[in-house]
Amino acid sequence: MTEALSAFKYVIFFAVMLIGVPLGYSFSLKYDKVERAIFFLMVFFTVKMEDINFVSRETERLTSKGFEIGMVDICTMIIFLVVMHKKGIKNRIPKGAHWYFVYFGLSVISIINADFVLFSMFEVWKMIRMYFYFWTIYNYIDTDKKYFDFLKGVAAITVFVFYEVIKQKYLDGKFQTAGPFPHQNSLVMYMIIYGSIAFSYLINKADLAIDKLVVWLMIFGMSSVSVISTLSRAGLALYAFAIVIVLGLSFFNGFNPKKIAVTFLLIIMSLAVLAKAWDSITERFSTAPEESALVRVSLAQAAVKMAGDKKLGYMGVGLNNFGRAINPPYPYSSHIEMHDEEDEEERNGLVETIYLMIAAESGWHTLVFFFVFLFYYYFLNLVNVFRYKGSNLQFLSIGLVGGLLAIYIESGLEWVLKQTNNFYQLMLIFALIASMDRLYHIKVRKGELK
């Protein structure tokens, strides 16, 4: 019965792809609302993942466990076709994409050290999908209206995540909630970005009507409650850090009574939410096991060994091979004490930092270019903050200054940015930053911006 259901899932998926893509493309060309709805779904399905996995290795501890393809990819195919129809060969490679190409290329080269090449190919496939998503959004977004379509999507997704979190916390009785994500840390890093954007819009949009002000106060409140409900210690601290940065930049950009009033109101709201959640937060901090920190350190030490193994040419153990290399018969975990040495099923986990994960699998040089890739878009976004001063879109850049820095710091403690949900979101944000850069130059030529 289970095998029949599994096979039926594949039938449904391919039917959707073979029929849904042409229909979605056709209706998108005829109806603007359909096109905008599919763009929203491109973003929504990075939260609510609906996919199938070919050649799956679900029992392995890997950052990619198969050749995945999902609804987000189907929606991306439709928007890709729309872009090609409307722009033809005039579409272009996103600014800064060459840094992703270098990071991707060095990751692929590391496969020469991989004992499990199939696992590496899982990750290669995911990285290709990410670039396709990135390229499509960059070339699709070409007007202010589409940025605000994205903003509406942020609001809808925040409500959905909040609903899932509340259901899990109060109906399912979960102490730490993950919402629709695979882990609570995935939720934290995802919502740090959207919470920062919502807060920036709320405080920087000068002509926000009272009804919209109330709505966006609620959206920001939902983002905050979702993050707090994960009870992630680093997540709570870095979410607050992101909001403080956004607040500071917003006041640096200019004072007005509305900003002061909204800030005061948010302080009151935050204190109320913290008072409600205080018992859970203090319990989480006071009962956090010391063993967890020791395991993190041990895995980090093993990752450094992998990255610096000269027998492997300092190129790591191979893309997506950490999960195997951290266990015997490989020597890298010899310093880690096993609970039961006779238990052949006992396995060590993945190093809990994306930075050491990349170094361990693909070498220190690959990590350097990953940093360049990340901070290229961070500094391009900072440039956009000043370029868009006084415009309707500056709030987006200001929100990302805080949100991105927070998740970059948290990535020193988590490998979440390699998870499919969060990787998609990162590429979405980079596409928005690069498209804002392109749109700025178009607006300057038209005399709309100085």
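No experiment lies behind these values; they were computed from the predicted model shown. (Residues numbered from 1 in each chain as written. Predicted model: local features only at pLDDT ≥ 70, side-chain atom pairs only at ≥ 80, totals over all residues. Heavy atoms only, no water.)

Some remarks on the packing of aromatic side chains
Each pair of aromatic rings is reported with the distance of its centres and the angle of its planes. Rule in force here: Any Phe, Tyr or Trp ring, taking Trp's six-membered ring, that has another such ring centre within 6.5 Å forms a pair; planes under 30 degrees apart are called stacked, those over 60 apart edge-to-face, and the others tilted. Each helix corresponds to a stretch of at least 4 residues labelled H or I by DSSP, and each strand to a stretch of at least 2 residues labelled E; elements are numbered beginning at the N terminus. The classification of residues rests on relative accessible area computed with a 1.4 Å probe and restricted to protein chains. Under 20% of the type maximum is buried, over 50% is exposed, and intermediate values are partly exposed. For a ring to carry a charge above it, either NZ of a lysine or CZ of an arginine must fall within 6 Å of the ring centroid while also lying within 35 degrees of the normal to the ring plane.
Following the criterion strictly, the structure yields 40 aromatic pairs and no others. Judged by centre distance (6.2 Å) and plane angle (25 degrees), the rings of tryptophan 99 and phenylalanine 369 are stacked. Separated by 270 residues along the polypeptide, tryptophan 99 in helix H4 (residues 97-109) and phenylalanine 369 in helix H14 (residues 364-387) bring together distant segments of the chain. In this structure tryptophan 99 comes out as partly exposed when scored by relative accessible area, which is 23%. With a centroid separation of 5.0 Å and an interplanar angle of 65 degrees, the aromatic rings of tyrosine 201 and tryptophan 216 are classed as edge-to-face. Of the two residues, tyrosine 201 sits in helix H7 (residues 184-204) while tryptophan 216 sits in helix H8 (residues 210-230), which places them 15 residues apart along the sequence. Taken as a pair, tyrosine 201 and tryptophan 216 share a single burial class, namely buried. A network of ring pairs unites the aromatic residues Tyr100, Phe101, Tyr103, Tyr131, Phe134, Tyr355, Phe370, Phe371, Phe373, Tyr376, Tyr377 and Phe430 as a single cluster. Above the face of the tyrosine 140 ring, lysine 146 is positioned so that its terminal group lies 4.0 Å from the ring centre. We note arginine 438 situated over the ring of tyrosine 138; from NZ or CZ to the ring centre the distance is 4.6 Å.

Comments concerning unusual backbone geometry
Here the amide bond leading from proline 328 into proline 329 is cis, since omega sits at 10 degrees, within 30 degrees of zero. Its place among the elements puts proline 329 in the loop between helix H12 (322-325) and helix H13 (354-362). A positive phi is found at leucine 231, a non-glycine position, where the angle reads about 55 degrees. Assignment of secondary structure puts leucine 231 in the loop between H8 and helix H9 (233-252). Owing to a relative accessible area of 1%, leucine 231 belongs among the buried residues under this scheme. The phi dihedral of tyrosine 314 falls on the positive side, at around 55 degrees, and the residue is not glycine. Along the chain, the position of tyrosine 314 falls in the loop between helix H11 (290-307) and H12. The class of tyrosine 314 is partly exposed, set by a relative accessible area of 47%.

From the geometry alone we can't say anything about function, so treat these as descriptive.
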